[in-house]
Amino acid sequence: MNFWRLVSPDLLTEIVVRGDHNHGIPLAGMLLATLAAWVLLPVAHRFNAIRNRTRYLWLAAGGCAMGVGIWAMHFTSMMVYHLPFPIEYDVTVTLLSMIPAMLASAVCIVTYMSARASWSKLLLAAACMAAGIGFMHYIGMEAIVVPADMYYVPLYFMLSIGAAAVLALIGLYAKTRLDRNPHLPRSIGNLAGSVILGLAVTSMHFIAMHATYFVAHSDHLHAAAHAQQPVALFAGIVGATVMLLGLTLFGTLVDRRLDRMASSLKQSELRFQRLAETTQMAIFTFNASAVTYANPALSTITGYSLDELRNSSLARIFGLEFQDFARSVLESDAQFGQAIYEQFEIRTKGGGTCWLYFSVTPAEIDRHATCLASACDISEQKRAELSLRRLAFTDQLTQIGNRTMFIDRLEHHLNLLARRRTPAQSCVLLLDLDNFKTINDTYGHVQGDLLLKEVARRLTPLARHCDTIARLGGDEFVILAEEMNSHHNATTIADRILTELNTPIALNNREIAVHTSIGIVSLDPQRYQTPDQVLHDVDIALYRAKAQGRRCWVLYDDEIDARVKRARTLLTELRAALANGQLQLYYQPIFSAAAQTLRGFEGLARWQRTNGEWVSPGEFIPLAEENGLVGEITLWAIDAATRQIAEWNALWQDTGYYISVNVANDSFTDDRFFKLIADRIAERGIQKGQLKLELTERMLVTDTRQMLERLDSLIALGCELMIDDFGTGYSSLSYLHRLPVTTLKIDRSFVANLEDDVGSRAVINSIIALAKTLKMDVISEGVETAEQSRLLAGMGATQIQGYLLGKPTSAAQAGAILGNAVRTAAHTQNVVAMAL
């Protein structure tokens with residue numbers, strides 16, 4: 001066989017044989033070639049879009065796929081090509097024929113780029129494509145093994161190459177123009193280019209086949225007719241080619257999608273990076289130990305360089321308070337992606353301070369707990385806010401903090417203590433000036449305000465920078481002492497306050513001694529979560545300090561809490577008992593010292609709670625005095641005593657006895673007290689001397705002239721007056737003789753030591769001698785032994801009272817005692833009368 005013989009058949013004398021094709025093959029071949037071109041174009045796009053080494057993989061894959069597609073179109077067409085003698089194919093040459101198609105496809109991929117395609121590149125790509133198709137076809141034709149010589153018509157030979165080149169150029173140009181049209185989708189350009197390129201491959205094949213003719217050898221001229229068509233092989237090659245092209249096309253689509261996603265991610269990352277680098281908001285990430293990323297804004301705000309920020313501890317950059325907050329966020333159950341907002345004051349590298357508003361979002365990166373954070377500088381807003389808060393949080397009188405400010409600071413500190421792992425020693429001290437009301441009433445409110453200002457001025461130096469001092473209201477001051485140590489603890493602070501305020505204050509040209517009581521609570525985050533809880537307990541401690549005699553401090557504990565809670569419960573029930581008439585008046589008999597005959601009773605208040613408990617007078621009377629109820633008890637006792645006197649008068653027709661009632665200090669300034677006595681004496685027919693009032697020495701020394709007028713008004717009503725617990729208070733011989741008092745009561749403390757204490761005997765002798773001089777009776781309280789009774793009678797005491805002769809008892813039992821005494825006295829009188 002001669003290689004590529006270009007001879008016109010008109011020049012030959014031999015018989016010329018031409019082959020023919022199945023009529024359906026042109027359409028199938030064109031579709032296969034079009035599919036190959038459809039794959040070539042996106043592979044070219046991928047090759048030009050990628051700038052790393054993988055682009056050469058796409059170059060190889062695209063060249064192979066397109067080359068195989070062109071070859072498959074040619075070979076399948078040749079499988080249904082008919083000659084009047086058998087056709088065989090040289091496998092090696094057939095396979096080698098793929099190489100030009102693959103190389104041409106690769107060159108086309110390299111040279112063609114629709115976005116920047118020039119005419120020179122289009123011509124080069126089209127020429128390479130036509131050359132590759134031509135070489136593939138004509139080399140493949142050389143693989144035919146037949147008993148004939150193969151020739152080509154020169155005109156059609158050249159026409160096949162030219163048609164492939166022209167159509168390839170048209171196809172590439174059409175795709176280029178359509179791709180550049182912004183109104184058309186890229187798929188239109190791909191479709192048009194693929195169809196025209198497929199037509200270029202198909203036209204080249206069939207024109208070339210038209211150019212082909214054979215001259216059979218003489219011995220094979222009358223060979224058998226057509227061989228059977230290899231349908232299975234045809235279908236296998238077509239199917240394998242379509243699968244190869246399909247996989248290549250699918251790969252380009254997937255790679256394009258992945259490339260777009262990667263590009264999108266890269267663009268997003270680039271945008272975020274540019275945003276992070278240009279924004280004025282600080283953006284950073286951190287884990288439990290350090291900052292892991294920071295943008296330039298954080299460096300600008302804090303003063304630390306980016307190198308210093310990275311891998312620096314949170315405490316170094318933002319302070320311990322933020323570190324505790326960050327740790328609590330990382331260890332909390334907060335869901336990933338849920339932002340937490342907080343603001344902190346930080347110290348910059350230069351030593352200044354600024355306020356930052358943080359947004360912290362927990363996340364998990366590479367299976368490690370991480371926080372994504374942003375922060376903006378709110379120092380200007382904070383300064384404006386602090387200015388407004390200063391007005392809202394400042395006590396206008398003393399210019400220190402007010403109650404609102406203290407509650408805010410205390411709440412913030414409690415939250416801080418709750419977040420800390422290591423305990424911190426902190427406390428709250430509540431101060432209340434002793435007897436401030438008296439000073440205010442005596443010197444006036446203006447001077448009282450000056451006193452409060454001076455107290456605030458003296459307290460301020462005692463508080464450190466981290467402490468908080470405030471005025472809660474009235475004469476109450478409070479101090480929050482944070483981060484205490486062995487040299488600055490609660491008791492030390494309290495002692496310094498007592499010492500500082502103990503120095504007299506110049507007020508209205510006078511030196512005024514100011515004293516205070518202090519309640520202290522140690523802040524335990526397990527016990528206290530709200531400021532109300534703290535103020536409740538520190539108020540209890542202050543209450544206890546006042547109960548212990550004032551001018552001292554008391555540290556709160558559970559025992560104090562129990563006592564104060566009981567006191568408050570009793571106070572509530574005592575008010576209800578007074579309102580509902582649930583108190584009872586018991587009566588302790590008083591006898592003459594010599595004959596030990598009944599002279600009267602002392603009315604004593606007794607209280608049984610609704611739960612059956614008897615509350616000692618030593619517990620509820622001081623409680624009533626502290627809370628302004630003792631005057632109400634006095635009014636109730638007078639009403640009950642006069643009612644009892646009226647009942648006994650009606651029973652016994654004997655008015656030779658009396659009932660004495662203790663009078664509260666506040667009663668002498670209560671108009672109800674005098675009106676009640678006048679009304680009850682008149683209404684109930686109380687005889688003169690039957691109602692006796694026991695007064696304290698403190699009451700009698702307040703204002704002698706005014707007191708004498710009040711005492712005289714009581715005597716005019718028919719009352720008799722006693723001085724209770726004489727010798728233990730403020731007795732003064734200078735005015736005793738001027739008071740209209742009929743009886744002195746010797747305190748039980750003297751009587752208790754009468755038998756053994758010479759001093760007690762001397763005091764009692766002096767009181768009895770004084771009473772005789774002033775013509776007064778003497779009642780000795782607390783007589784519990786016969787020896788005490790004998791000694792008192794011998795010393796001249798007129799009356800005695802105590803457990804020896806009778807305990808306080810109910811009205812019914814006291815009535816029985818009185819009835820016996822009346823009957824005994826009547827019997828004695830009858831005996832005396834009969835004797836006379």
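Here the structure is shown first, and the text comes after it.
How each quantity is defined
- Residues numbered from 1 in each chain as written.
- Predicted model: local features only at pLDDT ≥ 70, side-chain atom pairs only at ≥ 80, totals over all residues.
- Heavy atoms only, no water.
- 1 Å grid on protein atoms, 1.4 Å probe; cavity = no way out; pocket = protein on both sides within 12 Å on 5 of 7 lines; lining within 4 Å.
- Points joined across faces, edges and corners; volume = space filled by probe spheres on them.
- Helix = DSSP H or I, 4+ residues; strand = E, 2+ residues; numbered from the N terminus.
- Nonpolar A, V, L, I, M, F, W, Y, C, P; charged D, E, K, R; others polar.
- Core = buried A, V, L, I, M, F, W, Y, C linked by side-chain atoms within 4.5 Å.
- Buried < 20%, exposed > 50% of the residue type's maximum accessible area, 1.4 Å probe, protein only.
- Contact = heavy atoms within 4.5 Å.
- Phe/Tyr/Trp six-rings, centres within 6.5 Å; stacked < 30°, edge-to-face > 60°.
- Lys NZ or Arg CZ within 6 Å of the ring centre and 35° of its normal.
- Pairing = 2+ DSSP bridges.
- Axes fitted to C-alpha atoms, helices over the stretch in contact; angles between N-to-C directions.
- Expected span 1.5 Å × (residues − 1).
- Arc of directions from axis to C-beta.
- Salt bridge = Lys/Arg side-chain N within 4 Å of Asp/Glu carboxyl O.
- Patch = residues over 30% accessible without salt bridge, like charges linked within 9 Å, V, L, I, M, F, W, Y side chains within 5 Å.
- Areas by Shrake-Rupley, 256 points an atom, 1.4 Å probe, with all protein chains shown as cover.

J.: Is there a simple way to explain the layout of surface pockets in this structure?
T.: Taking a probe equal in size to a water molecule and rolling it over the atoms shows the remaining empty space. Considering only enclosed or pocket space, the second largest pocket measures out at about 1,800 Å³ in volume. Taken together, 42 residues form the lining of the second largest pocket, with Glu-321, Glu-345, Trp-355, Arg-409 and His-412 sitting closest to its centre. For the lining of the second largest pocket, the secondary-structure elements that each account for two or more residues are helix H12 (320-331), strand E11 (340-347), strand E12 (353-365), helix H13 (379-393), helix H14 (403-419) and strand E15 (468-473). It is H14 that provides the largest number of residues to the lining of the second largest pocket, a total of nine residues. Residue composition of the lining of the second largest pocket, grouped by class: 13 nonpolar, twelve polar and 17 charged.

J.: It is not clear to me how the nonpolar core should be interpreted in this structure. Could you clarify?
T.: When a protein is soluble and globular, its nonpolar side chains tend to lie buried together. In this structure, Phe-668, Phe-673, Ile-677, Leu-693 and Leu-695 are the most contacted members of the largest nonpolar core, which totals 78 residues. Looking at which element gives the most residues to this core, the answer is helix H21 (residues 630-652), with ten residues. Non-local contacts of Phe-673, meaning those with residues more than four positions away in its chain, are made with Thr-634, Leu-635, Ile-638, Val-663, Ser-667, Phe-668, Leu-693 and Leu-714. Core analysis: the second largest hydrophobic core is formed by 43 residues, Trp-71, Ala-72, Leu-197 and Ala-216 among them.

J.: Any chance you could explain the packing of aromatic side chains here in plain terms?
T.: Aromatic ring pairs: the centre-centre distance and the angle between the two ring planes describe each pair. According to the stated counting rule, one finds 25 aromatic pairs in the structure shown. Both rings, one in Phe-284 and one in Phe-358, keep their centres 6.3 Å apart while their planes meet at 90 degrees; by these two values the pair is edge-to-face. Of the two residues, Phe-284 is situated in strand E9 (residues 282-286) and Phe-358 in strand E12; the sequence distance between them amounts to 74 residues. A residue is classified by how much of its surface remains accessible, and Phe-284, at 1% relative accessible area, is buried. In this structure an aromatic cluster arises from ring pairing among Phe-284, Phe-286, Phe-318, Phe-322, Phe-325, Phe-344 and Phe-358. The ring of Trp-355 is capped by Lys-382, whose NZ or CZ atom sits 4.4 Å from the centre of that ring. Here Lys-692 stacks its cationic end above the ring of Tyr-658, 4.0 Å away from the centre of that ring.

J.: Would you take a moment to explain the pairing of E15 for this structure?
T.: For a regular strand, the rule is simple: side chains alternate between the two faces of the sheet. Burial analysis of E15 places five of its six residues in the buried class, the great majority of the element. Here E15 pairs with strand E16 (residues 476-481) via five bridges, running antiparallel. Along E16, the bridge assignment pairs Ala-470 with Val-478.

J.: It is not clear to me how the sheet that holds strand E13 (residues 368-377) should be interpreted in this structure. Could you clarify?
T.: As a general point, the strands of a sheet are linked pairwise by backbone hydrogen bonds and lie either parallel or antiparallel. Across the sheet, five strands lie side by side as E10-E9-E13-E12-E11; this open sheet has antiparallel pairing. A single partner strand is all that each edge strand has here, and the edge strands are strand E10 (291-294) and E11. Neighbour-to-neighbour, the strand axes of the sheet open up by a mean angle of 30 degrees, direction not taken into account. The sheet contact formed by E11 and E12 spans eight bridges and is antiparallel. Directly across from Glu-345, in E12, lies its bridge partner Trp-355. Against the sheet, H13 makes contact with E11, E12 and E13, and its axis sits at roughly 120 degrees relative to E12, the strand it touches most.

J.: So what exactly am I meant to see when it comes to the sheet that holds strand E14 (residues 427-433) here?
T.: One open sheet accounts for five strands, arranged E15-E16-E14-E19-E20; its pairing is mixed. Among the strands making up the open sheet, the edge pair consists of E15 and strand E20 (553-555). Shown here is a sheet whose adjacent strand axes are inclined to one another by a mean of 20 degrees, direction ignored. With six bridges joining them, E14 and E16 adopt antiparallel strand pairing.

J.: Sorry if this is basic, but what is going on with the environment of Arg-496 here?
T.: Turning to its location among the elements, Arg-496 is positioned in helix H17 (residues 490-502). Using a relative accessible area of 38% as the deciding quantity, one classes Arg-496 as partly exposed.

J.: Teacher, can you tell me more about H17 here?
T.: Turn by turn, an α-helix covers 3.6 residues, leaving residues three or four places apart pointing in a common direction. Along its 13 residues, H17 runs 18 Å from first to last C-alpha, staying within 8% of the 18 Å computed at 1.5 Å per residue. Taken together, the buried positions of H17 are Ala-490, Ile-493, Ala-494, Ile-497 and Leu-501. Angular distribution of buried residues about the axis of H17 spans 100 degrees; they occupy a single face of the element. The elements touched by buried residues of H17 are E14, helix H16 (445-459), E16, strand E19 (516-522) and E20.

J.: Even after reading the chapter, I still don't get the environment of Val-17, so can you show me in this structure?
T.: Along the polypeptide, Val-17 turns up in strand E2 (residues 16-17). Among the residues examined, Val-17 registers a relative accessible area of 10% and is labelled buried. In this structure, the C-alpha to C-alpha distance between Val-17 and Val-215, residues 198 residues apart in sequence, is 5.9 Å.

J.: I keep staring at the pattern of salt bridges and nothing clicks. Help me out?
T.: Oppositely charged side chains are able to pair whenever their charged atoms sit close together. A complete count under the given rule lists 28 salt bridges for this structure. One salt bridge connects Arg-327 with Asp-324, and the closest N-O pair in it is separated by 3.5 Å. Taken as a pair, Arg-327 and Asp-324 lie in helix H12 at a separation of three residues, close to a single helical turn. Note on Arg-327: relative accessible area 27%, which makes it partly exposed. Take Asp-324: its relative accessible area is 11%, and that puts it in the buried class.

J.: What is the right way to look at a nonpolar patch on the surface in this model?
T.: Residues Leu-96, Ile-99 and Leu-103 make up a contiguous nonpolar surface patch of roughly 270 Å² in combined accessible area. Summarising the element assignment, Leu-96 is placed in helix H3 (residues 91-96). Taking relative accessible area as the criterion, Leu-96 reaches 43% and is therefore assigned partly exposed.

Purely geometric stuff here, so don't read any function into it on its own.
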